[in-house]
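# Coordinates in review
If you want the building blocks of each chain, they are given just below.
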Amino acid sequence: MSDIASPDLPVSASPASAVPKVGFVSLGCPKALTDSELILTQLSAEGYTTSKTFEGADLVIVNTCGFIDDAVKESLDTIGEALAANGKVIVTGCLGARKGEDGGNMVAGVHPSVLAVTGPHATQEVMDAVHAHLPKPHDPFVDLVPPAGIKLTPKHYAYLKISEGCNHRCTFCIIPSMRGDLVSRPIGDVLKEAKALFEGGVKELLVVSQDTSAYGVDVKYRTGFFDGRPVRTRMLELVQALGELAEPHGAWVRLHYVYPYPHVDEVVSLMAQGRVLPYLDVPFQHSHPEVLRRMKRPASGERNLERIARWRELCPELVIRSTFIAGFPGETEEEFQHLLDFLREAQIDRAGCFAYSPVEGAAANELPGMLPQAVREERRARFMAVAEEVSAARLKRRVGATMQVLVDSAPALGRKGGVGRSYADAPEIDGTVKLLPPQKLSKRLGVGEFTKARIVATDGHDLVAEPI
Ligand code: SF4
């Protein structure tokens, strides 16, 4: 099936008009047709019109089919015709996802002058390509909104949500019943938002979700598109791409809510290469296999101590933050001791702990062996005493080192000192680096800027440093 332009869209025949015009060819099955409808709807919503001819358009989109040889030929021929008549062609659809004999993209191999190639279900990627080559008409209602949207965090750091919901059913948690199963955001959308944030001045991007390591499971790690190139919807590829986007801006990427699955080793290797911060927020919750089983924790079968040892071998700079629950129903003194031993042996840099508290609707409420609140609180206090001992010892090792610090506050341009964070400190949850007034009179500190600082002391959970 082939159509040029949708009858429902305003059609303009004059190339001289100021309204941008797009030629559209839709080939293939009903699924491809619905993709075409979504793209045409978006074009219309943004004020583009369509052209009935290739020649009268400012740019042509060809939605292709790659199912059988005849369909491939028809798609490639149509792209060729559009290129000959117009010159500016964006290709989307099933053929866009196919590889050629050389392993590269088939369409780009046959028609190297196409502007962009995406796979199917890629409205946003197609729109990104359209925007790059044919700017959308000005919309006074929307164009005043910053490209990265409205953020509630300080200008220099931002949270990037990569998915919603969770496929796990931890017995103490009701998030899945409120937010449903895991739904990963399309990788093209996530990377587009990250790019806009970096371009808008963000110096630290914090990746968040309920389970960052599960990113893409729900879409079977589908290949998405960003900037005209294919990227799989998977944690490793996401982290790699975020590292690449951050690099030209000298920005940090920090990962939260990562579970200790084997594939995280590859992400830790990226940390060792300096692509993303060597910092992992891993909510272990407990160490004893029986408690983890009662909690129904993800990755509960993993040997976490071995995994952590492997991570530290791959990336000695790695900082691990985690949260734990003390006094879970049925937790014996022996199981609790196991947790304290784990904490010491794993050398968790930053640990938080909650005394177990029943949440209405959580399955754990039905478990036998609920402990008295006093016992739960007492275990939490004992846990925190060990956690602080470990953390303080690890912090002390930094004294004398020079670290890169991102400045969060610097009254009087830092002449009286300021407060910042190193790669080891996530905002709001970890410690800080207290910056002393710089010794060099010309030295200034700016909020949202990096400074080098020599660590001179520790102060509880914080470091004290001299800007240099
Ligand atoms: S605690 Fe468990 S169920 Fe709840 S969001 Fe985290 S992984 Fe999912």
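Further up the page is the structure itself.
These figures come from a predicted structure and were not determined experimentally.

Here the focus is helix α7 (residues 235–246). Compared with the 16 Å implied by 1.5 Å per residue over twelve residues, the 16 Å span of α7 between its first and last C-alpha is a close match. For α7, a buried count of ten out of twelve residues is recorded, marking the element as mostly surrounded by other parts of the structure.

What follows deals with the site of the ligand. In the vicinity of the ligand, the contacting residues are C166, H168, C170, F172, C173, P176, Q210, Y259, R297 and P298. Looking at the shell around the ligand, its residues break down into seven nonpolar, two polar and one charged.

With that settled, the discussion passes to the packing of helix α11 (residues 333–346) against helix α12 (residues 373–396). In the contact formed by α11 and α12, the axes pass within 9 Å of each other and the chain directions differ by 15°. As far as their axial angle goes, α12 and α11 are roughly parallel. Classified by chirality, the crossing of α12 by α11 is right-handed. Residues E333, F336, Q337, L339, L340, L343 and R344 of α11 form the contact with α12, whose participating residues are R379, R382, F383, V386, A387, E389 and V390. Across the contact of α11 with α12, the residue classes break down as eight nonpolar, one polar and five charged.

Attention now goes to helix α6 (residues 187–199). Between its first and last C-alpha atoms α6 spans 18 Å; for 13 residues at 1.5 Å apiece the expected length is 18 Å, and the two agree. Residues of α6 that are buried: I187, G188, V190, L191, E193, A194, A196, L197 and F198. Where α6 terminates, the next one or two residues include G201, which has phi positive at roughly 105°.

As a packed pair, helix α10 (residues 304–314) and α11 sit with axes 10 Å apart at the nearest point and diverge in direction by 10°. One finds that α10 runs roughly parallel with respect to α11. Residue-level contacts link N304, L305, I308 and R312 of α10 to F342, E345 and A346 of α11. Partitioned by chemical class, the residues of the contact of α10 with α11 number four nonpolar, one polar and two charged.

Quick look at empty space enclosed by the protein now. Using the criterion set out here, one finds one cavity of 30 Å³ or more in the structure. Taken as a whole, the largest cavity encloses approximately 60 Å³ of empty space. Contributing to the lining of the largest cavity are eleven residues, with P260, F284, R297, P298 and N304 lying nearest its centre. A class-by-class count of the residues in the lining of the largest cavity yields eight nonpolar, two polar and one charged.

Judged by how many residues are buried, strand β1 (residues 21–26) sits mostly within the fold: six of six residues are covered. In β1, alternate side chains face the same way, and those of K21, G23 and V25 on one face and V22, F24 and S26 on the other are all buried. Two elements, β1 and strand β2 (residues 49–50), share two bridges in a ladder whose sense is parallel. Directly across from K21, in β2, lies its bridge partner T49.

Procedures and definitions
Residues numbered from 1 in each chain as written. Predicted model: local features only at pLDDT ≥ 70, side-chain atom pairs only at ≥ 80, totals over all residues. Heavy atoms only, no water. Helix = DSSP H or I, 4+ residues; strand = E, 2+ residues; numbered from the N terminus. Expected span 1.5 Å × (residues − 1). Buried < 20%, exposed > 50% of the residue type's maximum accessible area, 1.4 Å probe, protein only. Near = heavy atom within 4 Å. Nonpolar A, V, L, I, M, F, W, Y, C, P; charged D, E, K, R; others polar. Axes fitted to C-alpha atoms, helices over the stretch in contact; angles between N-to-C directions. Parallel < 35°, antiparallel > 145°, perpendicular 65-115°, else oblique. Left-handed = near helix turned anticlockwise from the far one by under 90°. Contact = heavy atoms within 4.5 Å. 1 Å grid on protein atoms, 1.4 Å probe; cavity = no way out; pocket = protein on both sides within 12 Å on 5 of 7 lines; lining within 4 Å. Points joined across faces, edges and corners; volume = space filled by probe spheres on them. Pairing = 2+ DSSP bridges.

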